[in-house]
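Here are the chains, one letter per residue:
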Amino acid sequence: SCLPSGVQLFSMFYSNPSLLKLVAEIIGGAPRLAEYLSRQPQVLEIVLTAGFFDKLPKKQQMKLELNRLLKSSFSLEDVIITTQRWSNEKRFQVGVLCLLLKINQSQSARALSDIADIVIMALHKKVEDEMILQHGQISGSDLAILALGKLGSREMTPESDLDLVFIYDTPKDSSQSDGIKALPTEQYFSRLSQRLIAAMTAKTSEGHLYEVDMRLRPSGTAGPIASSLNSFRQYYARESWTWEQMALTRARIICAPVELKNKITKIINRALTRRREPQLLSTDIIDMRERILTTHKTNFIWDVKHIRGGLVDVEFISQFLQLLHGHKHPDIFVRDSKSVFKKMLNK
């Protein structure tokens, strides 16, 4: 009922009967894909492109494809719309291949995570270029984007939001940007980060890209949008809560210059591999689990995330093992639970 009644669509069905069968599969088995298809029926055209059903393109190949499309986009608005369209088409392809059992859940999760990485990097470049035009830049400074949660562990689902942390590093003697409308360092990187979040969450005719969750940044909602490298270091050395250290086990740097990436990696490794008191650690994690149960308690057997013994418990157990034994076995700090248990079984 939502698809257009124009001749073009029905001529596509007439010329490609398998396309009509696919639409029926989507409507019958994938409500989210069907809803997207009803809003953007033109996406069916990409189904007819060569290789659509063969396999998912590699990350580097997708990155080059989006960069090629963005060459003809000049304003930030154009970049956002082009990126949204590309991302939606790629996620639609992942959904279709998963529905038809051409790929498994792990392959789907990695592909969705790769798409998110590429989108973030592309928008970051454009937003940064616009920021430099308006406010100049801070010589010798760099910004890193750190992913936590499902994006960090490359386990994204179609419903996943983005858990992000922004970390900047500047020379000690820098105080503000060098543009005509100069901004103090902290304000500069906070505004840059806010603009990037706005670009990722903006709603256009193509829909929107992602919801962004910043609650896992240092000090949570009370902390600044972007953290300096020094404050990030001090926070995880002295102030972070156990649940924040649990979240840090999934940390993955999406984009950063090599030197800054190495600095952040050292901070994370130092925070995760310090020796912990077993009783205090287990008490903190059990308390955290009980708090989640107050809002997500369920006996529904198919709520595999929150039911007792479900995915949340599996993740908590794996993170407990990492934080408890990481000072002796730093190689167990892999980002997904399945890999953690494999590593532990070999100890």
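Here, every reference points to the structure presented above.
Below is a short write-up of the structure. Since we're looking at a predicted model, the values are computed, not measured. (Residues numbered from 1 in each chain as written. Predicted model: local features only at pLDDT ≥ 70, side-chain atom pairs only at ≥ 80, totals over all residues. Heavy atoms only, no water.)

Before going further, it helps to spend a moment on the pattern of salt bridges. For the coordinates displayed, the defined rule picks out 16 salt bridges. A salt bridge links R291 to D287, with the shortest nitrogen-to-oxygen separation between them at 3.3 Å. Here R291 pairs with D287, and both are found in helix α13 (residues 278–296), just 4 residues apart, close to one helical turn. Residue class for R291 comes out exposed when judged on its relative accessible area of 55%. Taking the shortest distance from any N to any O, the salt bridge between E290 and R308 comes out at 3.2 Å. With E290 in helix α13 and R308 in the loop between α13 and α14 (311–325), this residue pair connects regions lying 18 residues apart in the sequence. Each member of the salt-bridge network shares a partner with another, and the members are K59, D117 and R252. (Salt bridge = Lys/Arg side-chain N within 4 Å of Asp/Glu carboxyl O. Helix = DSSP H or I, 4+ residues; strand = E, 2+ residues; numbered from the N terminus. Buried < 20%, exposed > 50% of the residue type's maximum accessible area, 1.4 Å probe, protein only.)

What the rule picks out here adds up to 7 aromatic pairs. Ring geometry for Y168 and F189: centres 4.5 Å apart, planes at 5°, overall stacked. One end of the pair, Y168, is in strand β2 (residues 162–169); the other, F189, is in helix α9 (residues 185–201), and 21 residues separate them in sequence. Judged by relative accessible area, which is 3%, F189 ranks as buried. Through a chain of ring-to-ring contacts, three or more aromatic side chains come together here, namely Y168, Y188 and F189. Above the ring of Y210, the side-chain terminus of R91 is found at 4.5 Å from the ring centroid. (Phe/Tyr/Trp six-rings, centres within 6.5 Å; stacked < 30°, edge-to-face > 60°. Lys NZ or Arg CZ within 6 Å of the ring centre and 35° of its normal.)

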